[in-house]
Amino acid sequence: LRITRYAYRIKDYTMPTMQIYKEFKFDAAHCLTKVDAGHKCGNMHGHTFVLEVHLGGEVDPARGWILDFNVLCDRVEPIIKLLDHSVLNEIDGLENPTSENMAVWFWDKLKPDLPLLSKIVIKESPTSGCIYCGD
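Report on the accompanying structure.

1. Focus on helix 2 (residues 69–83)
- Over its 15 residues, helix 2 runs 21 Å from end to end, which matches the ideal 21 Å to within 8%, given 1.5 Å per residue.
- At Val76, helix 2 shows its largest kink, close to 35°, and the proline Pro78 lies no more than four residues downstream.
- When helix 2 is considered as a whole, its buried residues turn out to be Leu72, Cys73, Val76, Ile79, Ile80 and Leu83.
- At its buried positions, helix 2 is contacted by strand 1 (17–30), strand 2 (45–58), strand 3 (86–87) and helix 3 (99–110).

2. Let's talk about the nonpolar core
- Core analysis: the largest hydrophobic core is formed by 32 residues, its most contacted members being Phe26, Val53 and Phe106.
- For this core, the elements supplying multiple residues, two or more each, are strand 1, strand 2, helix 2, helix 3, strand 4 (117–125) and strand 5 (128–132).
- With sequence-adjacent residues up to four places away left out, Val53 is seen in contact with Ile20, Tyr21, Lys22, Phe24, Leu72, Val76, Leu110, Leu114, Leu117, Lys119 and Ile120.

3. Let's talk about helix 3
- With 12 residues, helix 3 extends 16 Å from end C-alpha to end C-alpha; this agrees with the ideal 16 Å at 1.5 Å per step.
- Buried residues of helix 3: Ser99, Met102, Ala103, Trp105, Phe106, Trp107 and Leu110, and no others.

4. Observations concerning the packing of helix 2 against helix 3
- The interhelical angle for the contact between helix 2 and helix 3, taken along N-to-C directions, is 135°, at an axis separation of 10 Å. On the basis of the axis angle, helix 2 is oblique to helix 3. For the pair helix 2 and helix 3, the sense of crossing is right-handed. Contact residues: helix 2 offers Arg75, Val76, Ile79, Ile80, Leu82 and Leu83, while helix 3 offers Trp105, Phe106, Lys109 and Leu110.
- Residues belonging to the contact of helix 2 with helix 3 are distributed by class as follows: eight nonpolar, no polar and two charged.

5. Section: the environment of Leu117
- Counting through the fold element by element, Leu117 comes out in strand 4.
- Under the relative-accessibility criterion, Leu117 is labelled buried at 4%.
- For the pair Leu117 and Cys133, spaced 16 residues apart in the sequence, the C-alpha separation amounts to 8.5 Å.
- Setting aside its immediate chain neighbours within four residues, Leu117 contacts Val53, His54, Leu55, Trp107, Leu110 and Lys111.

The rules we used
Residues numbered from 1 in each chain as written. Predicted model: local features only at pLDDT ≥ 70, side-chain atom pairs only at ≥ 80, totals over all residues. Heavy atoms only, no water. Helix = DSSP H or I, 4+ residues; strand = E, 2+ residues; numbered from the N terminus. Expected span 1.5 Å × (residues − 1). Bend = angle between axes of the 7 residues up to and from the residue. Buried < 20%, exposed > 50% of the residue type's maximum accessible area, 1.4 Å probe, protein only. Contact = heavy atoms within 4.5 Å. Core = buried A, V, L, I, M, F, W, Y, C linked by side-chain atoms within 4.5 Å. Axes fitted to C-alpha atoms, helices over the stretch in contact; angles between N-to-C directions. Parallel < 35°, antiparallel > 145°, perpendicular 65-115°, else oblique. Left-handed = near helix turned anticlockwise from the far one by under 90°. Nonpolar A, V, L, I, M, F, W, Y, C, P; charged D, E, K, R; others polar.

And the structure:
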């Protein structure tokens, strides 16, 4: 039944809308500059950050994908290299690098080259992070 439904969609030239994502990791230090005095995050500390970049759109019927994962990596990896083993506060636009500010920063950097960008997930620990779905 699944093959029949899929073949039917190809015949009618409609492909499903799907989401794909790729995960990237980087290590960086930061301190939060807008916290109350004595807050532990006001001190310089580090995280192994996990970035998820999500894209959404119709599957290209000729190729069978939304976008080649290699293209996605080519767009994201230069940004990851900029941040890896850095002090985030020293990066333009990340002077107060909260997860929320980082999510918007990544969105603004990636959206021009990845028009199908649908969501940014930034995790500063396995249990804490931020999800941003654009403006």
